[in-house]
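Chain by chain, the residues:
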Amino acid sequence: HPSNLQMEECSNLSRANCRAKGGAPGFKVAILGAAGGIGQPLALLMKMNPLVSVLHLYDVVNAPGVTADVSHMDTGAVVRGFLGQPQLESALTGMDLVVIPAGVPRKPGMTRDDLFNINAGIVRTLCEGIAKCCPNAIVNLISNPVNSTVPIAAEVFKKAGTYDPKRLLGVTTLDVVRANTFVAEVLGLDPREVDVPVVGGHAGVTILPLLSQVKPPCPFTAEETEYLTNRIQNGGTEVVEAKAGAGSATLSMAYAAAKFADTCLRGLRGDAGIVECSFVASQVTELPFFASKVRLGRTGAEEIYQLGPLNEYERVGLEKAKKELAGSIQKGVSFIRK
Ligand code: NAD
Ligand code: LMR
């Protein structure tokens, strides 16, 4: 309950603001790029999350409209909007979790790496803000190319002296969500019963589903393995082509981002046994970053799991994935160090 002093401080504010200021239970979450194709449905889903007490929506366009709209939902989180660079610091101050879907999406014929030139700078600016205003926040990075933007964020935080590898998480949940869906289709199961680990990174051959480790355990034929691996690796392109120039996955991505953010919040709350795949600083391979299963806790990615036994098909896939990943990671690092 807010103290008398807090009530006085709040006397000129709406009761909703007062409630947030008084410390309603829950976490403070910011979405950067909140007016975009992912940002809007993600704002909706985070407003529905009972673990969120305050939701900050930041964008360089249309943030007030999205904020007014989402704020009318009769759920607990207090929503505030922030428009443009001068309001970035206010958007970030005090946040526990920052989710970043800011940046341009692909059009047909483009790779995720083709987005590097625009999105690298956007991610750098936003991460400089995080280092200054909420250096202890967990960061969920969605902006592509994730294989390079996560190393960019790490370098920005290192430069600022705030880097904690446990708190920087590249979001690869959509690969797992797709893998669960496509595998369930082949097996004739409910996707909610299926769990497919997807490791490596988030682009083409760097997306490596470990079909030999699917739960419930199931042997796949060589044809099924080939079909499923290709479909999971090209799931993003499938959506880009279907949207025919109108962008990339937004709705399934918002679902995946909300799922991952909820996982992070449950970890922050101290729940036990919270495990998801994510692209993180890693010693699982010789590369400095790699996606694999991680255990989330009060301080972020507290444990990073080894890949476990791979079959021959996966071992070959892993070598291809590592080759491409090494270049993408280096490109991100050089962007800040140059
Ligand atoms: P979008 O263009 O619909 O929305 C992006 C939003 O970012 C826009 O509202 C834009 O105004 C905002 N923005 C641009 N510059 C900004 C800045 N400096 N600060 C704050 N906001 C800024 O794009 P989208 O479909 O929402 O996709 C966003 C990004 O997410 C793309 O890079 C896309 O490739 C990536 N993505 C990643 C995954 C994944 O699995 N990690 C999945 C889908 C999309
Ligand atoms: C996806 O996997 O859907 C995203 O990375 C967007 C894209 O460009 O494919």
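Parameters and conventions
- Residue numbering note: each chain is counted from 1, following its sequence as written.
- By the order in which they are written, chains take letters starting at A while ligands take numbers starting at 1.
- At least 70 in pLDDT is required for a residue's local features to be given in this predicted model, at least 80 for side-chain atom pairs to be given and counted, and no such filter applies to totals for whole chains, interfaces and linings, which use all residues.
- As a rule, any residue with its backbone-derived C-beta atom within 6 Å of a molecule or strand is reported as near that molecule or strand.
- What counts as a helix is a DSSP run of H or I of at least four residues, what counts as a strand is a run of E of at least two, and both are numbered from the N terminus.
- When residues are grouped by polarity, Ala, Val, Leu, Ile, Met, Phe, Trp, Tyr, Cys and Pro land in nonpolar, Asp, Glu, Lys and Arg in charged, and all others, Gly among them, in polar.
- The contact rule is simple: place each C-beta atom from the backbone, and if two of them lie within 7 Å, those residues are in contact.
- pLDDT measures the predictor's confidence residue by residue and takes values from 0 up to 100.
- Angles shown run from 0 to 180 degrees and are taken between the N-to-C directions of axes, each axis being a line fitted to C-alpha atoms and, for helices, limited to the stretch in contact.
- For a crossing to be left-handed, the near helix must be turned anticlockwise from the far one by less than a right angle; the clockwise case is right-handed.
- The term nonpolar core refers to a group of buried residues, namely Ala, Val, Leu, Ile, Met, Phe, Trp, Tyr and Cys, whose C-beta atoms join them within 7 Å.
- Neighbour density around each residue's C-beta defines its exposure: 20 or more other C-beta atoms within 10 Å make it buried, 12 or fewer make it exposed, and counts between make it partly exposed, where C-beta atoms are placed from the backbone.
- One less than the residue count of a helix, multiplied by 1.5 Å, gives the span that helix is expected to have.
- At least two DSSP bridges between two strands are required for those strands to pair.

Participant: Give me the site of ligand 1: which residues, what numbers.
Facilitator: In the vicinity of ligand 1 there are 33 residues, among which Gly33, Gly36, Gly37, Ala102 and Asn144 approach most closely. The element that contributes the greatest number of residues to the shell around ligand 1 is helix α6 (residues 116-133), accounting for 4 residues. Within the shell around ligand 1, the residues separate by chemical class into 18 nonpolar, 13 polar and 2 charged.

Participant: Can you explain the environment of Ala120? Please cite residues and give values.
Facilitator: Tracing the chain through its elements places Ala120 in helix α6. Note: C-alpha distance between Ala120 and Asn311 (191 residues apart in sequence) is 36 Å. Residue contacts for Ala120: discarding those within four places in its chain leaves Ser148, Thr149, Ile152 and Phe335.

Participant: Provide a residue-level description of the confidence of the model for the protein chain, including the pertinent values.
Facilitator: Taken over all residues, the pLDDT of the protein chain has a mean of 94, while the share at 70 or more is 93%. For the stretch residues 1-13, pLDDT sits under 50, and the model shows 14 contacts to residues farther than four places along the chain or on other chains. A low-confidence stretch, residues 16-24 (pLDDT under 50), is modelled with 21 contacts involving residues beyond four sequence positions or located in other chains. Our summary of model confidence lists the complex with pTM equal to 0.95 and ipTM equal to 0.99.

Participant: Explain the packing of helix α7 (residues 146-160) against helix α12 (residues 312-337) to me, using residue names and the numbers behind them.
Facilitator: One way to put it is that α7 packs onto α12 with a least axis distance of 7 Å and a crossing angle of 35 degrees. Between α7 and α12 lies a crossing of right-handed hand. Contacts between α7 and α12 involve Asn147, Ser148, Thr149, Pro151, Ile152, Glu155, Val156 and Lys159 from the first element and Leu325, Ser328, Ile329, Lys331, Gly332, Val333, Phe335, Ile336 and Arg337 from the second. In terms of residue class, the contact of α7 with α12 is made up of 8 nonpolar, 5 polar and 4 charged.

Participant: Report on unusual backbone geometry, specifying residues and quantitative values.
Facilitator: Across residues other than glycine, the phi torsion is negative in most instances, and most of the peptide bonds are trans. The omega torsion across Asn144 and Pro145 is -5 degrees, close enough to zero to call that bond cis. Inspection of the secondary structure puts Pro145 in the loop between β5 (138-141) and α7. The step from Lys215 to Pro216 runs through a cis peptide bond, and the omega angle for that step is 0 degrees. With respect to the helices, strands and loops of the structure, Pro216 is situated in the loop between β8 (207-209) and α9 (222-233). Unusually for a residue other than glycine, Ala244 sits at a positive phi of about 50 degrees.

Participant: Just give me the short version of the nonpolar core, but keep the residues and values in it.
Facilitator: Across soluble globular proteins, nonpolar side chains show a tendency to be buried alongside one another. Leu97, Val98, Ala153 and Ala257 are the most contacted members of the largest nonpolar core, which totals 99 residues. If you tally residues by element for this core, the top one is helix α11 (residues 251-269), at 9 residues.

Participant: I'd like a rundown of the site of ligand 2, residues and numbers included.
Facilitator: What surrounds ligand 2 is the set Pro105, Arg106, Arg112, Asn144, Leu174, Gly235, Gly236, Val239, Val240, Ser248 and Ala249. Considering every element that reaches the shell around ligand 2, the biggest residue donor is helix α10 (residues 235-243), with 4 residues. Of the residues assigned to the shell around ligand 2, the class counts are 5 nonpolar, 4 polar and 2 charged.

Participant: Account for α12, with residues named and values stated.
Facilitator: Over its 26 residues, α12 extends 37 Å from the first C-alpha to the last, a length consistent with the 38 Å expected when each residue adds 1.5 Å. Three or more residues of α12 are buried, namely Glu314, Gly317, Ala321, Leu325, Ser328, Ile329, Gly332 and Phe335. Looking at the packing, one finds that the buried side of α12 touches α6, α7, β7 (198-200), β8 and β10 (289-297).

Participant: Residues and numbers for the pairing of strand β4 (residues 97-100), please.
Facilitator: Burial of β4 is two-sided: the residues Leu97 and Val99 facing one way and the residues Val98 and Ile100 facing the other way are all buried. By the bridge criterion, 3 bridges tie strand β1 (residues 27-32) to β4 in an arrangement that is parallel. Residue Val29 lies in a different strand from β4, and its bridge partner there is Leu97. For β4 and β5, the ladder comprises 4 bridges, and the chain directions are parallel. Of the residues in β5, the one forming a bridge with Val98 is Val139.

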